[in-house]
Amino acid sequence: MTGTFVGMPAFPTAARQALGDTQLRRNLAHATHVIRDKRAKVVAEVEDWEELRLAGAGVKEAALRDLATHLETLEASLVRAGATVHWARDAEEACAIVAEVTKAHGVDEVVKVKSMATAEIGLNEALEAEGIAAWETDLAELIVQLGDDLPSHILVPAIHRNRAEIREIFLRRMGDVGRPAPADLTDEPAVLAAAARAHLREKFLRARVAVSGANFAVADTGTLVVVESEGNGRMCLTLPEVLISVVGIEKVVATWADLDPLLRLLPRSSTGERMNPYTSTWSGVTPGDGPQEVHVVLLDNGRTRALADDVGRQALRCIRCSACLNVCPVYERVGGHAYGSVYPGPIGAILNPLLHGVSDEQTASLPYASSLCGACFEVCPVRIDIPSVLVDQRAAVVDYHRADRVPKAEAVAMKAASWAFSDSRRLRTAERASGLAGRVLGRFSRTTLPGGRAAAGRLPGPAAGWTGARDLPAPPEESFRDWWDRTDGGRDGGAR
Amino acid sequence: MSARDDILRDVRQALAGVSPAVDVPPAPRAPDRGGLVALFLERVEDYRAVVTRCAADEVEQVVRHVLGPARAVVPPALGLDLPGAIVDDGFTATELDAYDAVVTRAAVGIAETGTVVLDHRPDQGRRAITLVPDLHVCVVDAGQVVADVPDAIALLDPARPLTWISGPSATSDIELDRVEGVHGPRTLHVVLVG
Ligand code: SF4
């Protein structure tokens, strides 16, 4: 694994690789189950959870449906509160703005609060190219950054690493970029966290520029909100002289009161707590307290593309709680890297194609990275109907690639099937052949399905793509038609 | 065209023909559990914060006891007599790092979630002072405790910077083992008055 998602293989390839990693699977299964159970407990505490979800979904949906108005209001309130507002059409523009503001202050480093938006635009790499070091200050992001690794989960990005690996990464890398880890570092979580505290405090105390994202942006008051646990967010938002926040345009809510359902839904859905340890809100500049120069970069980067999609628009309601990851049977087994994006799991499987389109093989594979079991919709605090969007995006993938591909084995098979189904004699012949195949496959099958039916393992040839990820039940030895003819629809009593 | 105009145009185009009218149901309220203060104390403690309840005339004594020999910084209008405590004078982060403790008041306490909210008026001080020292002693009046998040939002002024604090700083990033105090104060001590 190298520190970039660019050029990642399509989901099936990446997933097959991940499935072979038993350590990864064990870490992930443990983590997702622990968080899932914690969530279920605190959600059960709230009597009107369903009403709260409806309110949360409503607040976000209303903001999206009138987004231009709210963005203009937000800009005006931010400016009134002393902030400078920038707009960025894409990743490149956003990164250039951050680099420019940083350079204007003559510094070559920034401290960062964990932020999906800045990961999405590849800000760290872009700043590095400009000679600016961007230090991640969230413990998990620090582990990922020092390990030259990629995040694998929205909420706990280093969940794929165990304590021994983390100790090794700290010992090997901390000294290269600042205060080294103590030589007697053990793999106790508290000891590792203390090493991170000492390493990062040095950076917090000297940092002059910080970069953050925002969980919410309130239009009528110009307030940004950051929700976190460790206090690294507060460090970045409070101590430096200059603060630059990169905010996706979909983060807007209309009014201060709209935060209510969201601040109740997010922590319970995310970390399974009644409230996260720290929430910071600020509106522009407060004289004498905190950064005296505040910049906000409003980022599109595909969001208007997603907004135009009638079915997919709802994905922009996402508050990045990661609950859908923790309940997803696919995510649980393959982990976040296989999705090839900073947005993994069910939400990633719809958000990436919505933001970027499906022209690229990797993105086009994502809507298929799901069993459509519906668990993600059940837990989503803002009621995003992920399964429906997945199905709709599958259709988009098929439409887009209709012309540009050699027909797949599946398509050839479907054509053959429609030829056979359209004529009863042909169908009978085909069924006889399949009965024969059933007897052959049944004999050579390597697997038995629950219920005792034989199944074929991996088939050779074009069918390998299908059987590579599932067992193919052996066809019955006698077709329904033959059975009907032989027994007169069962009246002959004849089981065979 | 500027990026601003482009983005706003794209937003409008994306939503052409989409009705902005959305039925937003009101957020439900938590049922009245009664015993607000007791619930607040229980929930704060649940976060592994330390809680002491005392009468109004005992506050100074309690806080002095909690601080012990710790070097403490205090906001300008704390209104408590704490010998040895230094009033914040716009210290730099590095200067604050030399202090062990900070004592502040709060703006609101939220029972349902066990949260204290600071709005950083002069009795609570700048944001930095409650962040850098390792022990935060927060004095909350029983009358400041509200039932739930919406009550707090209604009381708070968004024009001020706000810090919502629920327990000490914590991380679960290493194998989901919870560790307190990564960057913020490792100990939160809530003194509830009344
Ligand atoms: S889609 Fe829903 S459940 Fe998934 S991260 Fe977003 S808000 Fe959470």
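This report concerns the structure included in the present document. Just so we're clear, the structure is a prediction, and the values are computed from it rather than from any experiment.

The rules behind each value
- Residue numbers run consecutively from 1 along every chain, following the written order of its sequence.
- Naming scheme: in the order in which they are written, chains are lettered from A and ligands are numbered from 1.
- Thresholds applied to this predicted model are a pLDDT of at least 70 for local features of residues and 80 or more for the giving and counting of side-chain atom pairs; totals over whole chains, interfaces and linings are not thresholded and use all residues.
- Just so you know, side-chain values use all the structure's heavy atoms and leave hydrogens and water out.
- Only DSSP runs of H or I reaching four residues or more are called helices, and only runs of E reaching two or more are called strands; each is numbered from the N terminus.
- Whether a residue is buried, partly exposed or exposed follows from its accessible area with a 1.4 Å probe, protein chains only, as a fraction of its type maximum: under 20%, in between, or over 50%, in that order.
- Two residues qualify as a contact provided that any one of their heavy atoms is within 4.5 Å of a heavy atom in the partner residue.
- We get accessible surface area from the Shrake-Rupley algorithm with a probe of 1.4 Å; when it comes to residues, only the shown protein chains can shield them.
- Our radius of gyration is a C-alpha quantity, and the globule rule it is checked against amounts to 2.2 Å times the number of residues to the power 0.38.
- Neither His nor the chain ends is counted toward charge; the positive residues are Lys and Arg and the negative residues Asp and Glu.
- A charge is said to be at NZ when it belongs to Lys, at CZ for Arg, at CG for Asp and at CD for Glu.
- Note: buried area is the sum, over both parts, of the accessible area (probe 1.4 Å) each one loses when the two are combined.
- When a carboxyl oxygen of Asp or Glu is within 4 Å of a side-chain nitrogen of Lys or Arg, the pair counts as a salt bridge.
- At least two DSSP bridges between two strands are required for those strands to pair.
- By this rule, a helix spans an expected 1.5 Å times one less than how many residues it contains.
- Proximity is defined per residue: if any heavy atom of the residue lies within 4 Å of a molecule or strand, that residue is considered near it.
- Gly falls in the polar group here, along with every residue not listed as nonpolar (Ala, Val, Leu, Ile, Met, Phe, Trp, Tyr, Cys, Pro) or charged (Asp, Glu, Lys, Arg).
- Aromatic pairing here means that ring centres of Phe, Tyr or Trp (its six-membered ring) are within 6.5 Å. Orientation follows from the plane angle: under 30 degrees is stacked, over 60 is edge-to-face, and everything else is tilted.
- All axes are obtained by fitting lines to C-alpha atoms, using only the stretch in contact for helices, and the reported angles, taken between N-to-C directions, cover 0 to 180 degrees.
- Working definition: roughly parallel below 35 degrees, roughly antiparallel above 145 degrees, roughly perpendicular at 65 to 115 degrees, and oblique for all remaining angles.
- Rotating anticlockwise by less than a right angle from the far helix to the near helix defines a left-handed crossing, while the corresponding clockwise rotation defines a right-handed one.

## Side note on the overall build of chain A
Line of reasoning, step 1. Of the regular secondary structure elements, chain A holds 23 helices and 13 strands.
Line of reasoning, step 2. Residues classed as buried in chain A amount to 56% of the 496 residues present.
Line of reasoning, step 3. Restricting the contact set of chain A to residue pairs at least 6 apart, pairs at least 24 apart contribute 72%.
Line of reasoning, step 4. Surface exposure of chain A reaches about 20100 Å², of which carbon and sulfur atoms provide 54%.

## Re the overall build of chain B
Line of reasoning, step 1. The helix and strand inventory of chain B stands at five helices and twelve strands.
Line of reasoning, step 2. Its C-alpha atoms give chain B a radius of gyration of 21 Å, more than 25% over the compact-globule value 16 Å for 194 residues.
Line of reasoning, step 3. Its C-alpha atoms put chain B at 65 × 45 × 40 Å along the principal axes.
Line of reasoning, step 4. Within chain B, buried positions represent 55% of all 194 residues.
Line of reasoning, step 5. For chain B, the proportion of contacts with a sequence separation of at least 24, taken over those separated by at least 6, is 70%.
Line of reasoning, step 6. A total of about 7800 Å² of accessible surface is found on chain B, and carbon and sulfur atoms cover 50% of it.
Line of reasoning, step 7. Side-chain charges of chain B comprise 17 positive and 29 negative groups, with the mean position of each set lying 4 Å from the other.

## Comments concerning the interface of chain B and chain A
Line of reasoning, step 1. Taken together, the 75 residues of chain B in the interface contact 92 residues of chain A.
Line of reasoning, step 2. In total, about 6800 Å² of surface goes out of reach between chain B and chain A, with carbon and sulfur atoms giving 60% of it.
Line of reasoning, step 3. Per-residue buried area on chain B facing chain A is highest for B:Arg127, B:Asp173 and B:His183; these three make up 12% of the total on that side.
Line of reasoning, step 4. Taken together, the links from chain B to chain A amount to eleven salt bridges.
Line of reasoning, step 5. Residue A:Glu72 pairs with B:Arg12 through a salt bridge whose shortest N-O separation is 3.3 Å.
Line of reasoning, step 6. For the side of chain B that touches chain A, the secondary-structure elements that each account for two or more residues are helix H1 (3–14), helix H2 (36–46), helix H4 (93–96), helix H5 (149–155), strand E9 (162–165) and strand E10 (170–171) of chain B.
Line of reasoning, step 7. In terms of residue count, H1(B) provides more of the side of chain B that touches chain A than any other element does, nine residues in total.
Line of reasoning, step 8. As judged from the four bridges shared by strand E9 (residues 278–283) of chain A and E9(B), these two strands associate in the antiparallel manner.

## Comments concerning helix H4 (residues 67–80) of chain A
Line of reasoning, step 1. Over its 14 residues, H4(A) runs 20 Å from end to end, which matches the ideal 20 Å to within 8%, given 1.5 Å per residue.
Line of reasoning, step 2. At the exit of H4(A) stands A:Gly82, carrying a positive phi of roughly 95°.

## Notes on the site of the ligand
Line of reasoning, step 1. As a structural note, the neighbourhood of the ligand is formed by A:Cys318, A:Ile319, A:Arg320, A:Cys321, A:Ser322, A:Cys324, A:Ile347, A:Cys380, A:Pro381, A:Val382, A:Ile384 and A:Ile386.
Line of reasoning, step 2. A breakdown of the residues in the shell around the ligand according to their chemical character gives ten nonpolar, one polar and one charged.

## Points about the sheet that holds strand E6 (residues 223–228) of chain A
What holds strands together in a sheet is hydrogen bonding between their backbones, with the strands either parallel or antiparallel.
Line of reasoning, step 1. In space, the eight strands of this open sheet follow the order E8(A)-E5(A)-E6(A)-E9(A)-E9(B)-E6(B)-E5(B)-E8(B), with mixed pairing throughout. In the strand order of this sheet, the two ends are held by strand E8 (252–253) of chain A together with strand E8 (145–146) of chain B, each with one partner.

## Quick word on the packing of aromatic side chains
All names here are of chain A.
Line of reasoning, step 1. The full count for this structure, using the stated rule, is six aromatic pairs over all chains.
Line of reasoning, step 2. With a centroid separation of 5.0 Å and 55° between ring planes, the pair formed by Phe 11 and Tyr 339 is classed as tilted. Placement of the pair is Phe 11 in helix H1 (residues 11–19) and Tyr 339 in the loop between helix H15 (329–334) and helix H16 (345–356), with a sequence separation of 328 residues. Here the two residues Phe 11 and Tyr 339 agree in accessibility, since each one is buried.
Line of reasoning, step 3. Plain terms: the ring middles of Phe 480 and Trp 484 are 6.0 Å apart, the flat faces sit at 50° to each other, and that makes the pair tilted. Highlighted residues: Phe 480 and Trp 484, both in helix H23 (residues 480–487), separated by four residues, approximately one helical turn.
Line of reasoning, step 4. What makes Trp 484 partly exposed here is its relative accessible area of 40%.

## Let's talk about the pattern of salt bridges
Residues and elements named next belong to chain A.
Line of reasoning, step 1. Throughout the structure, instances matching the rule amount to 48 salt bridges over all chains.
Line of reasoning, step 2. A salt bridge links Glu 50 to Arg 53, with the shortest nitrogen-to-oxygen separation between them at 3.0 Å. Taken together, the positions of Glu 50 and Arg 53, both in helix H3 (residues 49–65) and three residues apart, correspond to about one turn of that helix.
Line of reasoning, step 3. Under the relative-accessibility criterion, Arg 53 is labelled buried at 4%.
Line of reasoning, step 4. We note a salt bridge from Arg 264 to Asp 260, for which the minimum N-O separation is 2.9 Å. Of this pair, Arg 264 and Asp 260 both sit in helix H12 (residues 259–270), separated by four residues, roughly a single helical turn.
Line of reasoning, step 5. Note on Asp 260: relative accessible area 8%, which makes it buried.

## Details of the packing of H16(A) against helix H19 (residues 386–401) of chain A
Residue and element names in this part refer to chain A.
Line of reasoning, step 1. Following both chains from N to C, one finds H16 and H19 inclined at 40°, their axes separated by 10 Å at the closest point. Regarding the angle of H16 to H19, the classification is oblique. Two packed elements cross with a definite hand, and for H16 against H19 that hand is left-handed. Contacts from Pro 346, Ile 347, Ala 349, Ile 350, Pro 353 and Leu 354 in H16 reach Ile 386, Val 389, Leu 390 and Gln 393 in H19.
Line of reasoning, step 2. Counted by class, the contact of H16 with H19 contains nine nonpolar, one polar and no charged residues.

## Here we look at the side chain of A:Glu273
Line of reasoning, step 1. As for its position among the elements, A:Glu273 is in the loop between H12 and E9.
Line of reasoning, step 2. For A:Glu273, a relative accessible area of 8% gives the class buried.
Line of reasoning, step 3. Setting aside residues up to four positions removed in sequence, A:Glu273 forms contacts with A:Val42, A:Ser229, A:Pro267, A:Arg268, B:Tyr47 and B:Arg178.

## Examining the pairing of strand E6 (residues 115–118) of chain B
All names here are of chain B.
Line of reasoning, step 1. Side chains Thr 115 and Val 117 project from E6 onto one buried face, and the interleaved Val 116 and Leu 118 project onto a second face that is buried too.
Line of reasoning, step 2. With three bridges joining them, strand E5 (residues 108–110) and E6 adopt antiparallel strand pairing. Residue Val 108 lies in a different strand from E6, and its bridge partner there is Val 117.
Line of reasoning, step 3. Linkage of E5 to E6, two consecutive antiparallel strands, is achieved through a turn of four residues, within which Gly 114 is found at a positive phi near 65°.

## Here we look at the side chain of A:Ser270
All names here are of chain A.
Line of reasoning, step 1. Among the secondary structure elements, Ser 270 is positioned in helix H12.
Line of reasoning, step 2. Ser 270 sits in the buried class, given a relative accessible area of 7%.
Line of reasoning, step 3. Each residue touching Ser 270, except ones within four places of it in the same chain, is listed here: Ile 35, Leu 155 and Cys 321.

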